Structure formats: structure tokens, C-alpha cells
Amino acid sequence: TQLLEQSPQFLSIQEGENLTVYCNSSSVFSSLQWYRQEPGEGPVLLVTVVTGGEVKKLKRLTFQFGDARKDSSLHITAAQPGDTGLYLCAGAEGNKLVFGAGTILRVKS
Amino acid sequence: EAQVTQNPRYLITVTGKKLTVTCSQNMNHEYMSWYRQDPGLGLRQIYYSMNVEVTDKGDVPEGYKVSRKEKRNFPLILESPSPNQTSLYFCASSYFLGARTEAFFGQGTRLTVV
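All chains use their own residue numbering, which begins from 1 and follows the written sequence. Written order decides the labels, with chains lettered from A and ligands numbered from 1. Two thresholds apply to this predicted model, a pLDDT of at least 70 for residue-level local features and 80 or more for giving and counting side-chain atom pairs, whereas whole-chain, interface and lining totals are computed over all residues. Side-chain descriptors were evaluated using all non-hydrogen atoms of the structure, hydrogens and water having been removed beforehand.

**Q** Please provide a residue-by-residue account of the overall build of chain A, values included.
**A** Working definition: helices are DSSP H or I runs of at least four residues, strands are E runs of at least two. Numbering for both runs from the N terminus. Helix and strand counts for chain A stand at 0 helices and 11 strands. When the elements of chain A are put in sequence order from the N terminus, they spell out β-β-β-β-β-β-β-β-β-β-β. Taken over the C-alpha atoms alone, chain A extends approximately 40 × 30 × 20 Å along its principal axes. Within the span of chain A, comprising 109 residues, buried residues form 47% of the whole. Contacts were defined at the residue level, with two residues in contact if any of their heavy atoms lie within 4.5 Å. Counting only contacts in chain A whose residues sit at least 6 apart along the sequence, the fraction spanning at least 24 positions is 53%. A total of about 5,100 Å² of accessible surface is found on chain A, and carbon and sulfur atoms cover 49% of it. Burial status follows relative accessibility: with a 1.4 Å probe on protein chains alone, a residue under 20% of its type maximum counts as buried, one over 50% as exposed, and anything between as partly exposed. In these tables, accessible area is a Shrake-Rupley quantity obtained with a 1.4 Å probe, and a residue counts as shielded only by the protein chains included in the view.

So, in C-alpha cells, the structure goes:
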């Protein structure tokens, strides 16, 4: 099983700060996804990155796929309390979807 | 409304008492799967199904069974639950397998085995 490592595990910041979350693997993925999970809910897809070097923006969230397609990052600009949640990256391995352990983000107002 | 529905949301049971967690999707998806989520370990796949009557083991299948008799339903069966199966369980579905397709998740089932 390809391992997806996420860092940091926990992040607690003040409203308005910027942050970056990382997802790394020693293996190449054809694409990676980012999900966000709120307490008491299932994960919800934010974005899929497919091409090496690809950058996608979703309002204040910027997602990047590494050139070698082994890593990805999520950057949040001017974080808000509503961004609080668990952020998960995921990649397809054969017939399975593999998830990283996640980054717990807490944005304080 | 497109959704994946799991039941029950919460369940406390005793060791050895068989239980079933139901999962149903209304999106005509081919691919369905079950995950368990534990602190620090993320989501680990238990079983998946590519289509009706086609199921296969994920990364942590021991102690679990599944069936896919109908396209919309994918129940998870614990024949003899043990305390190490205490966890948060999620059912998910997608049109087909692959990170290019969106996986839709249920709201989760929090299971406690005492």
C-alpha cells in the first residue's frame, strides 16, 4: 500500500493567518484528491489534481500537485473559523482509494 | 437529494453480538466501500465492491463481512464484534473507482464494543 503522509498533524492558528498543509508519498500517483471533514460528518471532496505541477484555486484555498506527482499541498489564505476541520488527501492505488491520516485545523476567532 | 445513508449513527454493543450497519446510495454508483477511521490512522478501507456481487478486501478486512446483492445497498456485517473494532465507520460510493472521481460519504456510524 502506498503511504500518504500528511503534515502537520495539528494546526491551531488565529483568524486571518495563512497556512500550508502537505501531503507526501514516495510513490507516484496519477492524481490526488483533497477532502475536508467536519465533526460528525463524512469527508467532502474539495478538489482533484491530475497533472504534475498543476495549481487549482478554490476561493481562498490553493492546491498544488508536485511536478513528480508524489506530493501535494493545500494553502489557505486569511483563514477563517469556518475553515476549521480535518483535511485529508487521497490517492487511488489499484482498486482502492488510500487516505492520509489528515491534518486537524483549528482557526480561532 | 444525492446522498449516502448509513444506519445506525451510533451503536453500543457487547463483544460477540452480531451486528449489521446498513449503507444505501441513491446515485446509481457502481463502486461502494467501507472505511474505518481511528485517531492518527486516518481512513482505512475495509472492503469495497466494484459492482453487484463483486466484492473484495481492502486493507483491514479481518472481522468484517460485506454483501452487494443490490446496486444501491452495501451492508457491513460484524459476525462477532470485539473491542478493537470500536471505531468510526464510513460508507462511500462513487461512479467508478479512481481518484479522478468524487467519493460521496455517509455521515458515519460510531460503534462502541464493550
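**Q** How would you summarise the interface of chain B and chain A if you had to cite specific residues and measurements?
**A** Think of interface size as the accessible area that goes away when the parts come together; that is how it is often given. Residue-level contacts link 24 residues of chain B with 24 residues of chain A. Carbon and sulfur atoms supply 53% of the area that chain B and chain A bury against each other, a total of about 1,900 Å² over both sides. Here, a salt bridge means any Lys or Arg side-chain nitrogen found within 4 Å of an Asp or Glu carboxyl oxygen. Our count for the chain B to chain A interface comes out at 0 salt bridges. Counting only elements with at least two residues in the side of chain B that touches chain A, the list comes to strand E4 (31-38) and strand E5 (42-51) of chain B. As a working definition, buried area equals the accessible area (1.4 Å probe) given up by two parts on being put together, with both sides summed.

**Q** Describe the packing of aromatic side chains, and please don't skip the residues or the numbers.
**A** Working definition: rings of Phe, Tyr and Trp (its six-membered ring) pair if their centres are within 6.5 Å, and the pair is stacked with planes under 30 degrees apart, edge-to-face with planes over 60 apart, and tilted otherwise. Enumeration over the complete set of coordinates arrives at 9 aromatic pairs over all chains. For the ring pair Tyr-35 of chain A and Phe-99 of chain A, a centre distance of 5.6 Å and an interplane angle of 55 degrees mean the geometry is tilted. With a gap of 64 residues between them, Tyr-35 of chain A in strand E4 (residues 32-37) and Phe-99 of chain A in strand E10 (residues 96-99) connect regions that are remote in the sequence. Judged by its relative accessible area of 6%, Phe-99 of chain A is buried. When the ring of Tyr-35 of chain B is compared with that of Phe-105 of chain B, the centres are 5.8 Å apart and the planes differ by 45 degrees; the resulting orientation is tilted. Pair noted here: Tyr-35 of chain B is in strand E4 and Phe-105 of chain B is in strand E10 (residues 104-105), with a separation of 70 residues, a long-range link. Of the aromatic side chains, those joined through ring pairs into one cluster are Tyr-35 and Phe-99 of chain A together with Tyr-35, Phe-90 and Phe-105 of chain B.

**Q** Hey, could you go over the layout of surface pockets for me, with residue numbers and the actual values?
**A** One way to see where empty space is left: roll a probe the size of a water molecule over the atoms. Roughly 510 Å³ of volume is contained in the largest pocket. Lining the largest pocket are 24 residues, with Gln-37, Leu-86 and Ile-104 of chain A together with Gln-37 and Pro-39 of chain B positioned closest to its centre. Elements represented by at least two residues in the lining of the largest pocket include exactly strand E9 (85-93) of chain A together with E4, strand E9 (87-94) and strand E11 (109-113) of chain B. When residues are grouped by polarity, Ala, Val, Leu, Ile, Met, Phe, Trp, Tyr, Cys and Pro land in nonpolar, Asp, Glu, Lys and Arg in charged, and all others, Gly among them, in polar. Here the residues of the lining of the largest pocket are counted per class, giving 9 nonpolar, 11 polar and 4 charged. One number sums up the size of the second largest pocket: a volume of about 250 Å³. Lining the second largest pocket are 15 residues; nearest its centre among them are Val-44 of chain A together with Ala-2, Val-4, Phe-104 and Phe-105 of chain B. Computed over the protein atoms alone on a 1 Å grid, cavities are sets of points where a 1.4 Å probe fits but cannot get out and pockets are open sets with protein on both sides within 12 Å along at least five of seven lines; a residue lines them when it has an atom within 4 Å of a point. Grid points are joined across faces, edges and corners, and a volume is the space filled by probe spheres set on the points.

**Q** Got a sec to walk through the pattern of salt bridges? Specific residues and values, please.
**A** Residues and elements named next belong to chain A. Counted by the stated rule, this structure contains 8 salt bridges over all chains. The shortest N-O distance in the salt bridge between Arg-60 and Asp-83 comes to 2.9 Å. Residue Arg-60 is found in the loop between strand E6 (55-58) and strand E7 (61-65), and its partner Asp-83 is found in the loop between strand E8 (71-76) and E9; the two are separated by 23 residues along the sequence. A relative accessible area of 7% places Asp-83 in the buried class.

**Q** So what about the sheet that holds strand E8 (residues 76-78) of chain B? Which residues, and what values?
**A** Residues and elements named next belong to chain B. Strands were regarded as paired on the criterion that DSSP finds at least two bridges between them. One open sheet holds the 4 strands; their spatial order is E1-E3-E8-E7, and the pairing between them is antiparallel. Every interior strand has two partners, whereas the edge strands, strand E1 (4-7) and strand E7 (65-66), have only one. Strand direction decides the pairing type here: E1 and strand E3 (residues 19-25), joined by 4 bridges, are antiparallel. Across the sheet, the residue bridging to Thr-5 is Ser-24, located in E3.

**Q** Help me get a handle on the sheet that holds strand E1 (residues 5-7) of chain A, residues and values and all.
**A** All names here are of chain A. The strand order across the open sheet formed by 5 strands is E1-E3-E8-E7-E6, and the pairing between neighbours is antiparallel. Across the chains shown, the open sheet's two edge strands, defined by having one partner strand only, are E1 and E6. Taken pair by pair, the neighbouring strands of this sheet meet at an average axis angle of 15 degrees, ignoring direction. Pairing geometry for E1 and strand E3 (residues 19-24), over 3 bridges, is antiparallel. In the strand pairing of E3, Ser-7 is matched with Tyr-22. An axis is simply a line fitted to the C-alpha atoms; with a helix, the fit covers only the stretch in contact. Between two such axes, the angle follows the N-to-C directions and lies from 0 to 180 degrees.

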